[in-house]
Every structure is written in C-alpha cells, then in structure tokens.
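Understanding the architecture of this molecule
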Amino acid sequence: MDKLVIEGGRTLSGSVRIHGAKNAALPILAACILTDGEVHLHNVPRLLDIEVMMSILNRLGCQARHEQEMIIVDTSSANSFHVPEDLMKQMRSSIFLMGPLLGRFGEVSIYQPGGCAIGERKIDLHLQGLRALGAVIEEKDQQILCKASKLVGADIHLDFPSVGATENIMMAATLAEGTTTITNAAREPEIQDLQNFLNQMGGSIIGAGTDTITIQGVKKLIPCTYEIIPDRIEAGTVMIAAAATRGNVTLTHCNPAHLTSLIHVLKRAGVQIGVCNDIMTVSCMSRPRAVERIVTSPYPSFPTDLQSQFMILLALSDGFSVMKETVFEGRFKHVNELTVMGADISIDLNCAFIRGVQRLYGATVEATDLRAGAALVIAGLAAQGKTIIEQVHHIDRGYDQIEVLFQKLGADIQRHTPVHKQLDLAN
Ligand code: UD1
C-alpha cells in the first residue's frame with residue numbers, strides 16, 4: 001500500500017489549477033448509457049473512482065477510454081445490464097448506473113454498493129424513486145433486480161434531499177413517458193451539471209439547483225461533447241490547507257460561487273479571501289480564530305465533504321469551536337488520528353468539541369476514508385515534524401495525485417510506493 005510522507009511546517013504559497021469535479025463526473029459517466037454513440041467529456045479528473053466507473057462501463061459492453069485530456073465513452077455496443085459485484089462493491093457511485101440502465105434496457109441487476117465507511121448509506125430513496133417511475137424491484141440478499149416494461153413520469157417527494165437519489169431519478173426519468181417532478185430535491189452544483197449534460201444531449205429538465213426539478217421525458221438522447229465543472233471539494237481542501245499553514249495561495253479554474261459557505265466560515269476564522277471570476281486567493285498571516293459553531297447540511301450549507309478538513313483549521317485556531325455533522329453518522333474517524341498528532345478534540349454523538357492548540361506534531365496515522373485522509377494531509381502539512389499517512393488508496397479515490405497538488409505549492413510531501421507495486425507498474 002502506498003504511503004504519503006510529509007515534512008510539515010512549510011507555508012504553502014503559489015498557484016494551483018483545480019481539477020474537474022469527481023462528484024459531477026461520476027453520474028455524468030453513468031448517464032452516457034442513456035445515449036447510443038460517442039460522448040466526449042472534458043475536465044474529468046484522473047482518480048480511482050473514475051477508473052472504476054470506466055471499468056464498469058467497459059464490462060457493460062461500452063468502450064470508455066482516455067484520449068489526451070478527454071474521456072471518450074462509446075455506448076453503441078452496450079449489451080449488458082448486469083453490474084458486476086466486484087466493481088459494484090468498490091465504490092458507492094456504482095449505484096448511479098441504476099437509473100441509466102433502467103432507462104436504456106428496462107432492466108438492471110446490481111449489488112449493494114460499497115464506498116467510504118462514513119455511515120449507514122442506505123439506498124431506499126433511490127429505490128422508492130425508481131418504483132414511483134414504474135420499476136418493479138426485488139432484493140435478494142446483496143443483489144437488487146429491477147425491471148420496468150416502461151417508465152412513466154411521476155411526482156416524487158424525497159424525505160431527505162439525497163444527492164444520489166435525485167441524480168438517479170433524474171437519469172431514469174429522462175427517457176420516461178411524461179413528466180416527473182422531484183420535490184425536496186438536492187440542490188448541489190453537481191446536480192445542475194448533470195441537468196446541463198442531459199439537456200445538451202436533448203433532454204428536457206429544469207429546476208436543478210432548486211428544490212424542485214421537472215423532467216419532461218424525451219424519446220432519445222443524442223451524444224454530445226461536455227466539460228465537467230470544477231471540483232469544489234478539491235478547491236475547498238486547498239483553501240483550508242493554505243489557511244492551516246498560514247500560507248498565501250491562488251486557485252485557478254475554480255467556481256467561487258459553489259464555495260460560498262466555506263468562504264463565509266473561513267472569513268469568520270480571520271482568513272483573507274479574494275475572488276475574481278474563476279480565480280481565488282487565500283491568505284492567512286496570523287493564527288486563525290475559532291468558529292463557535294459549524295453545522296454540516298445539504299447544499300448550500302456547509303458541506304459534509306469539507307468537515308474533516310476544516311476541523312484541522314479549528315484544531316489549530318485560537319479558542320473553542322463546535323462542529324456538528326448532520327449528514328453522515330460515521331464521519332469523525334479522523335479525530336482519533338488527530339488526537340495522536342496533539343489535537344484537543346472530544347466527540348459527543350454527532351458533535352465534535354475542539355479546543356485549539358498552538359501546534360500539531362507529526363505522527364504515523366491512517367486514512368480511514370477519503371475526506372478523513374485529506375484532512376490528515378492538511379494536518380501533516382501544518383504539523384511540526386514528519387507525518388506518515390497509511391491507507392492512501394482512500395485519498396486516491398477522490399484526489400488527482402494529492403501530493404503533486406501540494407508539491408506545486410511548496411509542500412514537502414512524497415508518495416512511497418512499495419517495491420512490488422513499482423515492479424507491477426513497470427511491467
Ligand atoms: C453524495 C456525494 C458525497 C457527499 C454526499 C452528501 C457523490 C458521488 N457523492 O453522496 O461526496 O458526501 O453526497 O453531500 O456525489 N440516504 C438515505 N437513503 C438513500 C440515500 C441517502 O437514507 O436512499 C442518506 C444517507 O445515508 C446520508 C444522507 O442521506 O445520511 C446523504 O446521502 P446522499 O445525499 O445520498 O449522499 P450520496 O449521494 O451518497
């Protein structure tokens with residue numbers, strides 16, 4: 001397993017380009033199944049989860065490949081609606097194939113998805129939505145079989161604004177007969193990106209970005225060329241790292257409008273932020289201030305995907321902060337590791353109570369999930385001494401070579417790959 005080795009304490013400075021959004025690219029790759037032909041996607045990040053999605057598409061008979069800076073997905077030879085169990089278990093986002101496969105073949109067989117261990121992560125809202133569109137669903141142990149002789153538009157209210165359920169229902173409804181309305185829909189920017197992609201292929205969807213989305217079913221979608229939006233979570237991770245190391249960093253190719261809640265709390269912590277079109281500057285010359293209370297909730301509130309990373313800034317801030325996690329139950333696993341590094345944090349149910357310390361110290365720690373891993377990278381960058389992060393594969397699921405990203409900003413961070421893996425790569 002790869003390790004990241006960080007010599008901490010360097011102030012980050014310089015400029016970095018933000019990659020395309022993982023959470024937009026994954027459903028869009030799955031949505032390619034809804035058309036018959038070659039889709040060209042730009043600004044797709046190079047990540048483990050993206051490779052897994054491409055492998056699944058290939059196993060379904062499509063041809064998904066990298067070509068220069070693009071990913072090309074040719075779906076004309078798609079011939080299977082069985083998502084293989086081994087790949088399904090590798091990531092949660094394999095669930096996105098349900099809606100598109102149902103739309104294209106009227107049938108889909110999947111398994112309970114895998115993914116980060118950050119909570120129960122049910123899929124009941126996905127299944128309820130697809131049932132409302134006419135699918136008959138049978139669950140046998142880990143396998144889920146889903147059939148619909150035809151999909152028919154429906155009014156669907158989500159009990160919780162689930163990002164994935166909203167996207168799955170949108171994709172299935174695109175080729176359904178009639179109109180589908182999703183109320184209490186999730187409002188994340190990635191949902192708007194999916195709407196724009198589907199509409200570019202000839203879909204008829206309005207409302208993404210609000211809590212009501214209306215999908216007028218169409219008969220057919222036409223392949224297109226599309227550019228994925230910037231990754232707001234990668235951008236947020238860099239912004240927090242800049243602040244935690246008291247650095248001065250410029251981010252290019254980002255979308256500041258997608259980061260309003262983070263910008264707001266960073267400013268409350270005393271961090272200076274400058275915004276000009278798709279460029280942002282972040283600087284923090286003195287010790288950050290504690291932020292009394294932050295609560296994660298669905299967009300546009302503070303994102304759960306930045307909770308672990310922001311906790312590093314609070315751990316180093318002057319004063320006492322509370323972080324409340326309302327989206328996932330199991331998202332404080334990084335706290336044990338941070339304690340080893342000298343942080344003063346205690347947990348009660350879904351609240352973390354953080355008393356800022358002057359300094360964190362390097363240690364050997366383990367990434368337990370994707371964003372917890374990113375948080376440990378920030379902690380290592382800000383800490384005094386050497387930090388070794390194990391189980392880096394969690395981080396690789398969602399960051400395009402995180403060590404390169406931070407090396408560009410002057411960090412001393414190296415990836416150590418075991419010799420047997422280096423030999424495998426060379427062969
Ligand atoms: C997406 C993001 C993930 C982010 C999350 C919340 C992608 C690929 N992933 O995940 O990075 O952390 O949104 O912003 O876009 N729930 C149910 N039943 C369901 C579906 C969800 O109870 O059928 C619950 C979940 O257990 C969780 C909450 O709803 O507690 C949020 O989940 P959801 O919005 O669906 O997140 P994902 O789409 O899995």
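Whatever comes next refers back to the structure up there.
Presented here is a report on the structure given in the accompanying data block. Computed from a predicted model, the values in this text were never measured in an experiment.

Neighbouring the ligand are 19 residues; Asp-124, Leu-125, Ser-162, Asp-305 and Val-327 lie closest to it. Take Val-163: an N or O atom from its main chain is 2.8 Å from an oxygen atom of the ligand. The backbone of Gly-164 places a nitrogen or oxygen atom 2.8 Å from an oxygen atom of the ligand. A total of 740 Å² of accessible area belongs to the ligand in isolation, and the protein chains cover 89% of it. Contributions of two or more residues to the shell around the ligand are made by helix 5 (124-132) and helix 6 (163-174). Looking at which element gives the most residues to the shell around the ligand, the answer is helix 5, with 3 residues. Looking at the shell around the ligand, its residues break down into 7 nonpolar, 6 polar and 6 charged. When residues are assigned to domains, the shell around the ligand turns out to be shared by domain 1 (3-19 + 230-426) and domain 2 (22-227), each giving three or more.

For the rest of this paragraph, the subject is the sheet that holds strand 1 (residues 3-7). Across the sheet, 4 strands lie side by side as 21-22-1-23; this open sheet has mixed pairing. Every other strand in the sheet has two partners, leaving strand 21 (364-366) and strand 23 (412-416) as the edge strands with one partner each. Here the average twist between neighbouring strands, direction ignored, is 20 degrees. Inspection of the sheet shows strand 21 paired to strand 22 (residues 386-390) by 3 bridges, in the parallel sense. Bridged to Val-365 within strand 22 is Ile-389. Lying on the sheet, helix 12 (residues 370-382) is in contact with strand 1, strand 21, strand 22 and strand 23; it crosses strand 1 at an angle near 30 degrees.

Inspection of the sheet shows strand 4 (residues 63-67) paired to strand 5 (residues 70-74) by 5 bridges, in the antiparallel sense. Along strand 5, the bridge assignment pairs Gln-63 with Asp-74. Between the end of strand 4 and the start of strand 5, which pair antiparallel, lie 2 residues, with Gln-68 showing a positive phi angle near 50 degrees.

Quick notes on the rules
- Residues numbered from 1 in each chain as written.
- Predicted model: local features only at pLDDT ≥ 70, side-chain atom pairs only at ≥ 80, totals over all residues.
- Heavy atoms only, no water.
- Near = heavy atom within 4 Å.
- Polar contact = N/O pair within 3.5 Å; in protein donor to acceptor, adjacent residues only side chain to side chain.
- Areas by Shrake-Rupley, 256 points an atom, 1.4 Å probe, with all protein chains shown as cover.
- Helix = DSSP H or I, 4+ residues; strand = E, 2+ residues; numbered from the N terminus.
- Nonpolar A, V, L, I, M, F, W, Y, C, P; charged D, E, K, R; others polar.
- Domains from an automatic or database assignment.
- Pairing = 2+ DSSP bridges.
- Axes fitted to C-alpha atoms, helices over the stretch in contact; angles between N-to-C directions.
- Contact = heavy atoms within 4.5 Å.

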